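# Coordinate inspection notes
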Amino acid sequence: MTKTICLALAVACPALSTTPSAHAQWSDDPTVNLAIADRSGEQVQTKIAPTVDGGAYVSWFDNATGGYDVYLQRLDADGIEQWAHNGVLVADRSFSSTQDYGLSIDATGNALLAFRDTRTGSTQITAALVTPDGVLAWGTPGVQLTTGGAFVAAPKITGTTDGHIVVAWTNNSDTRLQKLDATGAPQWTPGVTISDTGGGSFSASDLHESNNGSVIVSMVLGFGGRLYAQRVSATGSFVWDSSPINIFNNGNLQFGNFPTFVTDGSGGAVFAWYTSSPLQCSVQHILADGTEQFPHNGVVTSTLNSQFRTGPGVAYNPTTAEVFVSWIETNTLQSRHGVYAQKVSSDGTRQWTDTGRVIVPVGDREQTQARTLAFNDGAMVFWVETQSFGNQRVRATRLDSAGNNAWPEGIIDPSSILASKSRLAASLSANNEALLAWRDGRNDAGDIYGQNLHGDGSMGTGSLGDFDGDGDVDLFDFEQFAPCQTGPGGSAAPPCDVFDFNADNDVDFADFSHFQRAFTP
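Presented here is an overview of the structure given in this document. Computed from a prediction, not measured in an experiment: that's the story for all the values here. Per chain, residue numbering runs from 1 following the sequence as it is written. Whole-chain, interface and lining totals are the exception, using all residues; otherwise, since this is a predicted model, local features are given only for residues with pLDDT of at least 70 and side-chain atom pairs are given and counted only at 80 or more. Heavy atoms throughout the structure, all of them, feed into the side-chain values; hydrogens and water do not.

### Describing the state of the cysteines
To keep it simple, the criterion reads: Here, two cysteine sulfur atoms that lie within 2.5 Å of each other are counted as a disulfide. We count a stretch as a helix when DSSP gives it H or I for four or more residues in a row; a strand needs E for two or more, and each element gets its number in order from the N terminus. Throughout this description, buried means an accessible area under 20% of the type-specific maximum (1.4 Å probe, protein chains only), exposed means over 50%, and partly exposed covers the range between.
As enumerated under the stated definition, the model contains one disulfide in all. Each sulfur of the disulfide joining Cys484 and Cys496 lies 2.0 Å from the other. Note on the Cys484 and Cys496 pair: the S-S dihedral is about -65 degrees, so by sign convention the disulfide is left-handed. Remark: Cys496 occurs in the loop between helix H2 (475–484) and helix H3 (509–518) and Cys484 occurs in helix H2; sequence separation between them is twelve residues. Of the two residues examined, Cys484 and Cys496, each falls in the buried class.

This is the structure in structure tokens:
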């Protein structure tokens, strides 16, 4: 019977192993989650870089032995660790505090890291390439990009479409960039320097690939100034004129804030930021040629002047050219907090009313760390809610294109266990599910925990594909898959919707590949 179904689907049957996996994987229990790094002491500042197989690289700083060492782990689509628990040591450092760093992935699936490094006796910038097998391809020292006594900080790294790697960092009052080949050899001599012609300082803020081997780098002028960006070609020349683009000039960033951005898939980028006076969030879309898609200074996410807003998290849907953004809404005293969201059309028009979609009304509980992922025709939004000091939970919602709740529950908790939580990271996997990671204080000074979240709001690997609801995905469920097929563009009605792994409302070949991974006879 099973072979007949597989032949009808023109796919390979899943292996009918009766030996259960002994490895931890994505949990379906919000009080458990997946422990990624739980050594003694403090593990902090996690980042996620999705891989093409549906898994991800997860990085963090580990202070178990002091120094905030750089560690990395690779998870498969089921959340199973591909390397030893607590990850691979990338750099044994000797810092007493942390700064931002970079994690990305190259064109062939290797992990890329850029970080401050003390192993040579002074603070320098180092890049490392780690293969899917956990091998440090550029050796234990990595590639040191700086020498001497310059002030260096906040490195970022990205793979490029031509198979190379670019690193950006703050170097005294400039932003510097260097391109590396797959062996770690520098390609730009002596590198690219972006300076402020007015004598100010440009601090590197974020870096992502563009098209044709180019990259986009964003910079903050001063320490709480304005936001700038430049596109740098594969040969190291400036694409957007000789000076960086001024993203906005109607105020200043909050002191010490360094906004991130997302790419639009066509060589451009989408930016979100908040100004300090007034506390207001805005978004801007810069096209590949450097022109502004929205009016200069961007589009404010809300016109409600009686409240403030901070900490925007932005996402972009390349199919519809729509921007999704969530943020923390507060009263003017910043003593009460809520979570709001907005959709901005391709021409810069606010879609979810001029004051945004209220997810959590402004109230007594503190809300922080808003994150946004574009999902199907809408968005997923994540944040951290404080119930009392040191007692926080991770919350989530999914909104459709109109801003309506896509889940019956409205809001769910990917992590409901009350403990301190910080540095929430969110990415969309190649399997169209959300991947989360954060620092969690449930055990000690801080561990790294993670959680997946499917499009229907379920977690773990067992609920989707479980046609009969008996808690596993077995042979009986497998035999129901073929009758439930709708083909692309169909409608997966209950109970067949349990096979809609990628939440696109049909049951097709893409869902069957996910079903094979979930199969646990």
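So, next bit.
### What to know about the nonpolar core
Basically, it comes down to this: To define a nonpolar core, start from buried Ala, Val, Leu, Ile, Met, Phe, Trp, Tyr and Cys residues and group those joined through side-chain atoms within 4.5 Å. Should any heavy atoms of two residues lie within 4.5 Å, those residues are counted as being in contact.
With 19 residues, the main nonpolar core has Val70, Leu72, Val90, Leu113, Phe115 and Val130 as its most contacted residues. Elements supplying a minimum of two residues to this core: strand E2 (43–50), strand E3 (56–62), strand E4 (69–75), strand E5 (88–91), strand E7 (111–117) and strand E8 (124–130). Excluding residues within four positions of it along the chain, Val90 makes contact with Val70, Tyr71, Leu72, Leu113, Phe115, Arg119, Ala128, Val130, Leu136 and Thr140. Grouped together as the second largest cluster of nonpolar side chains are 17 residues, Leu373, Trp407, Ala434 and Leu436 included.

### Side note on the packing of aromatic side chains
Both the distance between ring centres and the angle between the ring planes are used here to describe each pair of aromatic rings. Put simply, the rule reads: Two rings from Phe, Tyr or Trp (for Trp, the six-membered ring) form a pair when their centres are within 6.5 Å of each other. A pair whose planes differ by under 30 degrees is stacked, one over 60 is edge-to-face, and the rest are tilted. Only when the NZ of Lys or the CZ of Arg is both within 6 Å of the ring centre and within 35 degrees of the ring normal is a charge said to sit over the ring.
A full pass over the atoms with the stated rule returns nine aromatic pairs. Aromatic pair Phe324 and Trp352: ring centres 5.8 Å apart, planes at 55 degrees, arrangement tilted. Residue Phe324 is found in strand E23 (residues 322–330), and its partner Trp352 is found in the loop between strand E24 (337–344) and strand E25 (357–363); the two are separated by 28 residues along the sequence. Using a relative accessible area of 6% as the deciding quantity, one classes Trp352 as buried. Sitting over the face of the ring of Phe61, Arg93 holds its NZ or CZ atom 4.4 Å from the ring centroid.

### What to know about the sheet that holds E24
This is how it is decided: Only when DSSP finds a minimum of two bridges between them are two strands counted as paired. To define axes, lines are fitted to C-alpha atoms, for helices over the stretch in contact only, and angles between the resulting N-to-C directions are given on a 0 to 180 degree scale.
Ordered by their spatial adjacency, four strands build an open sheet running E22-E23-E24-E25, and the pairing between neighbours is antiparallel. Because the sheet does not close on itself, it has two edges, and the strands there are strand E22 (308–317) and E25. Direction aside, neighbouring strands of the sheet carry axes that sit 20 degrees apart on average. Note: E23 against E24, eight bridges, orientation antiparallel. The residue bridging Trp327 from the neighbouring strand is Tyr340, located in E24.

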